[in-house]
Amino acid sequence: MIRDSHQLCVIFSNAFSEFQTTILNEVNRLRAFHGSPPMVLDEKLSQGCQEYAESLRASVKPGEWFSHSAGAGADYGETMTGPNNWAWIRSVNFGQWLVDEMYGEIKNYDWAKPDFQVGPNGQVVGHFATLVWKSSTNLGVGVADPTGHETNGAVVIRTTPAGFYDHLVAENVPQLLPPYTKDSYKNTVIRKFKKF
């Protein structure tokens, strides 16, 4: 188990190792607003993320949707994305922006009707729920840059332990702690980014 950036196993280039740490730090910053404990980077989990990101890069063409891996949900939580601007991926801000974009699904979340996958009107909330899931302890990050490939690149993030079941949603997706609210999160919790 990896507990700080000095122990981070270099399984990507140096830029991607920094990217992993940036993702972890931003996820933990947002989890703290909900009272969810911080996670740690997990080498084995990250290796699985890296392998799956590379398989997505090899098989998914631009414009196609990613499919979750076979273990998603049962073995780990999983979020994926294929950013449009890969020149940005080598900046620290990219990792922060990416996590904040996923967290932004909080606007669709309804604590009166907790659900891991969708909001009350069918909006996606799964990325947000995965990021703040209270019982998660470990985080993995994989990145496949599309440079030199005629396919999408991919970022894959996984969390463990598994346990994303409907009857556990209410206790694992906590509301924002006071004084923060769902209505004010954009001005208080989310960072402001310049367009790249």
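This text goes with the structure placed above it.
Structure report, in brief. None of these values were measured; they are calculated from a predicted model. (Residues numbered from 1 in each chain as written. Predicted model: local features only at pLDDT ≥ 70, side-chain atom pairs only at ≥ 80, totals over all residues. Heavy atoms only, no water.)

Details of the packing of aromatic side chains
Right, on to step 1. Counting across every chain of the model gives five aromatic pairs.
Right, on to step 2. Here Trp-111 and Phe-128 contribute two aromatic rings whose centre-to-centre distance is 6.1 Å and whose plane-to-plane angle is 85°, an arrangement assigned as edge-to-face. Of the two residues, Trp-111 is situated in the loop between α3 (92-103) and α4 (126-132) and Phe-128 in helix α4; the sequence distance between them amounts to 17 residues.
Right, on to step 3. Ring pairs connect the aromatic residues Tyr-103, Tyr-109, Trp-111 and Phe-128, which therefore count as one cluster. (Phe/Tyr/Trp six-rings, centres within 6.5 Å; stacked < 30°, edge-to-face > 60°. Helix = DSSP H or I, 4+ residues; strand = E, 2+ residues; numbered from the N terminus.)

Observations concerning unusual backbone geometry
Right, on to step 1. Geometrically, the link from Thr-160 to Pro-161 is a cis peptide bond, its omega value of 5° lying close to zero.
Right, on to step 2. With respect to the helices and strands, the residue Pro-161 is situated in the loop between β4 (154-160) and α5 (169-172).
Right, on to step 3. Cis geometry marks the peptide bond from Pro-178 to Pro-179; its omega dihedral reads 10°.
Right, on to step 4. Mapped onto the fold, Pro-179 is located in the loop between α5 and α6 (185-188).

Some words on the pairing of β4
Right, on to step 1. With seven of seven residues buried, β4 is to be regarded as a mostly interior element.
Right, on to step 2. Burial of β4 is two-sided: the residues Ala-154, Val-156, Arg-158 and Thr-160 facing one way and the residues Val-155, Ile-157 and Thr-159 facing the other way are all buried.
Right, on to step 3. Here strand β2 (residues 77-81) runs beside β4; their pairing, made up of five bridges, is antiparallel. Among the inter-strand pairings, Gly-77 is bridged to a residue of β4, identified as Thr-159.
Right, on to step 4. Where strand β3 (residues 138-144) meets β4, seven bridges bridge the pair, whose relative direction is antiparallel. (Buried < 20%, exposed > 50% of the residue type's maximum accessible area, 1.4 Å probe, protein only. Pairing = 2+ DSSP bridges.)

That is the geometry; function is a separate question.
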